[in-house]
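# A structural walkthrough
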Amino acid sequence: MRLEEGWSTLFFTWGMVFLTAWTLNEANYLQGLEIFMMVATIAVFTGFVVAKSELSEGTSNLIAFVYGAAVIVWLVGLRLPADLSWRERIFELLQRQVIWIGKAISGGTSRDELIFVIQTALVFWIIGYTAAWYTFRVRYMWRAILPSGLVLLSVVYNYYGSEPMELYLGLYCLLALMYIVRTHLMEREGDWKLAAVRYDRSITAHFLQAGLLASVFVMFFAWSLPALSASQEMSSQLATLTSPIKTFQENWTRLYSSLRSYGTANNDLYQGDLVLGGPRSVGDTPVMDVYVSQQLPYIYWQADALATYQDGAWKPLDHDAILHIPGEDGRLDVPNLKGRTLLQQEVVNYIPNASTMYGAPEVIETDVQMFYKRRFDDRGQILIDGLKSRYLLGPGESYQVTSRVTTADAQSLRLAGNGYPAWVTSNFLQGVEFLTPETVALAEEIVAGYDNPYDKAIAMRDYLRANITYNDQIAAVPDGEEPIHYTLFVSKEGYCNYYAAAMAMMLRSQNIPTRVVRGYAQGELLDTDTDGTAAYRVRANNAHTWVEVYFPEYGWVQFEPTAAIPTVDRAETAADAGNEPVESSGLNDDILEGELGLQDQEDVDVPDEDVEGIQNNEEQSGAVGVGAGGGVPWQRALTVAGLLVAVGGVFAGATVANQRVEGDVMRSYGRLNQWSSWLDIIFKPSQTPYERASELATVLPEGRQSIRKLTQEFVLRVFSPHGGDEGFDPQAEWKVLRPLLLRKAIAHRLAKLRRDRDADPSRDRFDEWHSE
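Each chain carries its own residue numbering, running from 1 in the direction its sequence is written. Restriction of local features to residues with pLDDT of at least 70 applies here, the model being predicted, together with a cutoff of 80 or more for giving and counting side-chain atom pairs; totals for whole chains, interfaces and linings are based on all residues. Based on all heavy atoms of the structure, the side-chain values leave hydrogens and waters out of the count.

## Remarks on the overall build of the protein chain
- Strands are runs of DSSP state E lasting at least 2 residues, helices are runs of H or I lasting at least 4, and numbering of each runs from the N terminus. A tally of regular secondary structure across the protein chain gives 24 helices and 21 strands.
- Burial status follows relative accessibility: with a 1.4 Å probe on protein chains alone, a residue under 20% of its type maximum counts as buried, one over 50% as exposed, and anything between as partly exposed. The buried share of the protein chain, reckoned over its 772 residues, is 48%.
- In the protein chain, the proportion of contacts linking residues at least 24 apart, taken out of those at least 6 apart, comes to 76%.
- Values of accessible area rely on a 1.4 Å probe in the Shrake-Rupley scheme; residue burial ignores everything except the protein chains shown. Looking at the protein chain as shown, the accessible area adds up to about 37200 Å², and 57% of this sits on carbon and sulfur atoms. Contacts: residue pairs with any heavy atoms within 4.5 Å of one another.

Encoded structure:
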């Protein structure tokens, strides 16, 4: 059972790959991902066996490929219906793969969760097999470390759930460092064997103990350093490199839309397309606080607007990103619409390195430099779909936003007609061809009897609220099913993305322009100040999607089809609303009670089981900067405590091991020889122990007596028939020698580094360059 490379080498190789698979399983993107841990384990041990065999490289890889394909097909095939034969299961898996490839090429969206399982299992097989191969046959250390490390890093980077993924990354780094330590020793042992050098087999345990201590120290030091993202300049530079990553993320979302999505309070949540995928998981991490001049019955905080629907995915329109500098460029030249009033907001950000800016629809001015997504209407006026801060925002940073919110009354919207501009009809009636005939027929049935877009929109809103059950843990829509049809006629449940998509597209089928808007629901009202200023705490679980319908001369008006969110009821007539001029300074009581005409949130009867988190009654921390990225304080404290315990355990283990060595005369003499090598003292095979002791004492005269005593006791125990002094305590001598040898070894190494630097011919050129 003796393994040349050491069984610990196999353990560290397997541990890195297995931990990566375990981390992906803990991310819980789908149910049943423990298959990856099985594949990783089988792959590593297959690679180990094949690498240790006498087979050629080509034959070994062919066997591994065939065996791996069989293992993956068997494990994945077990997830298919039991009444299928294995021939039918294999054909089913191949057929699904072909369909997925077609969608990947054509730009379609895939919701087949087995595709992700198959392809990721294949990745883990390749990673596990090659890690063992490059460890036990062709020794390339980094080819065993980097592949699984990159997979794990991508999981941690793209995960926004509640699991402490950083701990898994830290454990992986520890395993990788120990793997480096063990493989380095393995190479040295090979050199010693070739040179016929005798060495103590216990060196492996001591080397691993020292390596563990060094690894923990390095990780603790790295963990205590500030992140690169803490530097705004560095963050800005890194932001310029995110375009390829964003493109990859968009394609990933499109091709693996069945994976669980996570609402996040870390960086920007709203990026890329909106795919009608599987379940979502949201936490309650603070995202922002919004301060307004008066308490609001209800309002949204918009991130961006989406216009194009195809195959279960919403996309934004193409736009230009234009820099806007406050004070120089003035307010944005947006269309001057009827039924609007100004609302000023102050937004306090809690998200590290955020760029998306939020505000009530529609924003016309901010006090920070920003990029806005710009298009033009038929008159050449600006149409804005979203805002990005020019400079990344950190926790606690704030910005001012001015919005023109709609206060249009119901009667005015009924009379607005359907004389839509060309830019509206060309962009916001698209996608009806993707709906099923049953969906269009249902839309016609719902709006029958109404003669204007407003009442049709209300009827559609009320139908969805009454007939679709709110559930954010729904499974992904089966592959081949149209998502809106599936929601309306099969599952009859969903969350905000599904409600909004169904309402928007059914209204489009009735020639009513709509769009889907992403952002946050109002959030929780904090204490109102004596001057009337109100603050809303917006958390990750307030992430929301809603519908906006276009009305000529009134613009985009919000509608809420999601059953878990309070609805809005507008004043019936302009006389009831008492509208003020558009340039009013803010929302006063008359506007709140009249113009907006919204019902108070507490008056709305929302079933408890449908509440999405809009009323969060948990105790608030109230601390600026408590958010994702920095970690919850108790979690960081627990991490620090764990590291301290680990360091303490390593030190305790090293102390015990050190005492065993120094308490034994024979091993103490061997340690003297090890210290001599650190001082670059090269002994000749012909030298006696006393001659060696004299040479070491010449370099370390302060320890001459202790060196002499340890050497003499060694000679007596090895060569004398009477043995040595039973009362001799080598540890007493090491108390004197250890600090002397440590100081001498450090001074010697530093002097050697200086000599090497001075002897470097490139040093003169470096000094010349540095002086310049």
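## Observations regarding the sheet that holds strand 2 (residues 274-275)
- Overall, antiparallel pairing links the 3 strands, which are arranged 2-7-6 in an open sheet. The open sheet has two edge strands, strand 2 and strand 6 (308-310), and neither has a second partner.
- Here, a strand pair is defined by DSSP locating no fewer than two bridges between the strands. Across 3 bridges, strand 6 lies against strand 7 (residues 313-315) in antiparallel orientation. Bridged to Q310 within strand 7 is A313.
- In this analysis, axes come from line fits to C-alpha atoms, helices being fitted only over the stretch in contact, and the angle between any two N-to-C directions falls in the range 0 to 180 degrees. Along the sheet face, helix 16 (residues 496-508) touches strand 2, strand 6 and strand 7 and points at about 75 degrees away from the line of strand 7.

## What about empty space enclosed by the protein?
- Put simply, the grid is 1 Å and covers the protein atoms alone, a cavity is a trapped set of points that fit a 1.4 Å probe, a pocket is an open set with protein on both sides within 12 Å along at least five of seven lines, and lining residues have an atom within 4 Å of a point. Grid points are joined across faces, edges and corners, and a volume is the space filled by probe spheres set on the points. All chains considered together, the criterion is met by 5 cavities of 30 Å³ or more.
- Roughly 50 Å³ of internal volume is contained in the second largest cavity.
- Considering the residues around the second largest cavity, the lining is formed by Y669, L672, N673, S676, F683, P689, R692, A693, L696, I707 and T711.
- Only helix 20 (665-678), helix 21 (689-699) and helix 22 (704-719) provide two or more residues apiece to the lining of the second largest cavity.
- Throughout, the ten residues Ala, Val, Leu, Ile, Met, Phe, Trp, Tyr, Cys and Pro are labelled nonpolar, Asp, Glu, Lys and Arg are labelled charged, and all others, Gly among them, are labelled polar. Residues that form the lining of the second largest cavity fall into these classes: 7 nonpolar, 3 polar and 1 charged.

## Digging into the nonpolar core
- What makes a nonpolar core is a set of buried Ala, Val, Leu, Ile, Met, Phe, Trp, Tyr and Cys residues whose side-chain atoms join them at distances within 4.5 Å. The biggest cluster of nonpolar side chains holds 62 residues, and the ones touching the most others in it are Y29, F36, V76, F116 and F124.
- With 14 residues, the single largest contributor to this core is helix 5 (residues 113-136).
- Ignoring sequence-local partners within four residues, the contact set of F116 consists of L24, L30, L33, F36, W252, Y256 and L259.
- Among the nonpolar cores identified, the runner-up in size contains 59 residues, and L276, M460, A500 and I512 belong to it.

## Thoughts on the sheet that holds strand 14 (residues 398-406)
- Within the open sheet, the 6 strands sit side by side as 11-14-9-4-19-18. Their pairing is antiparallel. Pairing within the sheet leaves two strands with one partner each, and these edge strands are strand 11 (363-366) and strand 18 (524-525).
- By the bridge criterion, 6 bridges tie strand 4 (residues 286-292) to strand 19 (residues 534-539) in an arrangement that is antiparallel. Bridge pairing links V290 to Y536 in strand 19.

## What to know about helix 2 (residues 35-51)
- A helix's residues, less one, multiplied by 1.5 Å, set its expected span. Under the 1.5 Å per step criterion, the end-to-end length of helix 2 is 24 Å for 17 residues, consistent within 8% with the ideal 24 Å.
- Within helix 2, 12 of the 17 residues are buried, which leaves it mostly tucked inside the rest of the structure.
- Of all the residues in helix 2, the buried ones are I35, F36, M37, V39, A40, A43, V44, T46, G47, F48, V50 and A51.
- Packing partners of the buried residues in helix 2 comprise helix 1 (7-27), helix 3 (57-77) and helix 5.

Any functional reading would require information that these geometric values do not contain.
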